[in-house]
Amino acid sequence: MEAQPGEFIQFQFLAGNHTVTQSTFDQPCQPISRNSNVTGFHSGFLPAAASASMGMVPTYTIQINNTNPLWLYCAQGRHCQNGMVMVINEPAANASRTLESYKSLAAGAQGVAPSGSPGAGGTTGSTDTPSGTGDAEPPAQTVNGAVALMAAPGTFALVAAAGAALLL
Ligand SMILES: [Cu+2]
């Protein structure tokens, strides 16, 4: 997906216990701070069940500062290796740095426990109106354009403002 500087992206954690964590392209499944001097995003582990009893969905919201690619993964278990990865602002003119190639690298990557404070780089919170679930309707709510839904590996979904769901 693409996001412009100034826009917000909200991740909604619908099931399980996941993170949104930034890595470099070359070292998926490892926090970016380990392999660069960038602090990066890390939501911390956000278990859905803990909030579900109150009818709430944990969220993590980040603001896009520029159009550089953000390579993101889930740091839980082997979710990253199993394909729970995504990119915001995939490089348009670089055929070797695609989501598919990131995903391929992730499949063989060594996972490293995420570093950094939970919530780093963004804002954790909750919502009682999960977006884009259960039907093909456009998301009920977006934050300046996009909502990403975190569920089981293989259903790491991005819901764009237009309502199109992209299963990663
Ligand atoms: Cu996960």
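Keep in mind that this is a model prediction, so the values were computed, not measured.

Trainee: Any details on the side chain of glutamine 12? Residues and values, ideally.
Mentor: Checked against the element boundaries, glutamine 12 lands in strand 1 (residues 8-13). Glutamine 12 gets classed as buried once you look at its relative accessible area, which sits at 0%. There is a polar contact of 2.8 Å between the side chain of glutamine 12 and the side chain of glutamine 10.

Trainee: How would you explain the coordination of the copper ion if you had to name every residue and give the values?
Mentor: Surrounding the copper ion are the protein donor atoms His18 (ND1), Cys74 (SG), His79 (ND1) and Met84 (SD), at 2.0 to 2.6 Å. Coordination at the copper ion is tetrahedral, judged from the four donor atoms that bind it and the angles of 99 to 123 degrees they form at the metal.

Trainee: Before we move on, can you summarise the confidence of the model for the protein chain with the specific residues and values?
Mentor: Averaged over every residue, the pLDDT of the protein chain is 79; residues scoring 70 or more account for 76%. Here residues 152-168 is modelled with pLDDT under 50, and outside its nearest four sequence neighbours on either side it reaches 46 contacts, counting other chains as well.

Trainee: Please give an account of the environment of phenylalanine 45 that cites residues and values.
Mentor: Considering the arrangement of structural elements, one finds phenylalanine 45 in the loop between helix 1 (32-35) and strand 4 (46-47). With a relative accessible area of 38%, phenylalanine 45 lands in the partly exposed category. As a C-alpha pair, phenylalanine 45 and glutamine 76 span 31 residues in sequence and 7.7 Å in three-dimensional space. Contact partners of phenylalanine 45, with chain neighbours within four places excluded, come to Asn17, His18, Thr19, Ala75, Gln76 and Pro114.

Trainee: So what's going on with the layout of surface pockets? Residues and values would help.
Mentor: Here the idea is plain: a probe the size of a water molecule rolls over the atoms and shows the empty space left. When its volume is computed, the largest pocket comes out at roughly 300 Å³. Around the largest pocket, the lining comprises 18 residues; the ones closest to its centre are Gln22, Ile32, Asn68, Pro69 and Leu70. When contributions to the lining of the largest pocket are tallied by element, the ones reaching two or more residues are strand 3 (21-23) and strand 6 (70-73). Residue composition of the lining of the largest pocket, grouped by class: nine nonpolar, eight polar and one charged.

Trainee: With reference to specific residues and values, describe the sheet that holds strand 3.
Mentor: Remark on secondary structure: sheet strands pair via backbone hydrogen bonds, oriented parallel or antiparallel. Taken together, three strands build an open sheet; the order of strands is 3-6-7 and the sheet is antiparallel. This sheet does not close on itself; its edge strands, each paired only once, are strand 3 and strand 7 (85-88). Adjacent strand axes in the sheet meet at a mean angle of 40 degrees, parallel and antiparallel pairs treated alike. Pairing of strand 6 with strand 7 involves four bridges; the strand directions are antiparallel. Opposite tyrosine 73, over in strand 7, you have valine 85 as the bridge partner. Helix-sheet contacts for helix 3 (residues 99-107) involve strand 3, strand 6 and strand 7, and the interaxial angle to strand 7 is about 145 degrees.

About the cut-offs
- Residues numbered from 1 in each chain as written.
- Predicted model: local features only at pLDDT ≥ 70, side-chain atom pairs only at ≥ 80, totals over all residues.
- Heavy atoms only, no water.
- Helix = DSSP H or I, 4+ residues; strand = E, 2+ residues; numbered from the N terminus.
- Buried < 20%, exposed > 50% of the residue type's maximum accessible area, 1.4 Å probe, protein only.
- Polar contact = N/O pair within 3.5 Å; in protein donor to acceptor, adjacent residues only side chain to side chain.
- Donors = N, O, S within 2.8 Å, 3.2 Å for Na, K, Ca; no water.
- Tetrahedral: all angles 85-135°; square planar, octahedral: opposite > 155°, others 65-115°.
- pLDDT = per-residue confidence, 0-100.
- Contact = heavy atoms within 4.5 Å.
- 1 Å grid on protein atoms, 1.4 Å probe; cavity = no way out; pocket = protein on both sides within 12 Å on 5 of 7 lines; lining within 4 Å.
- Points joined across faces, edges and corners; volume = space filled by probe spheres on them.
- Nonpolar A, V, L, I, M, F, W, Y, C, P; charged D, E, K, R; others polar.
- Pairing = 2+ DSSP bridges.
- Axes fitted to C-alpha atoms, helices over the stretch in contact; angles between N-to-C directions.

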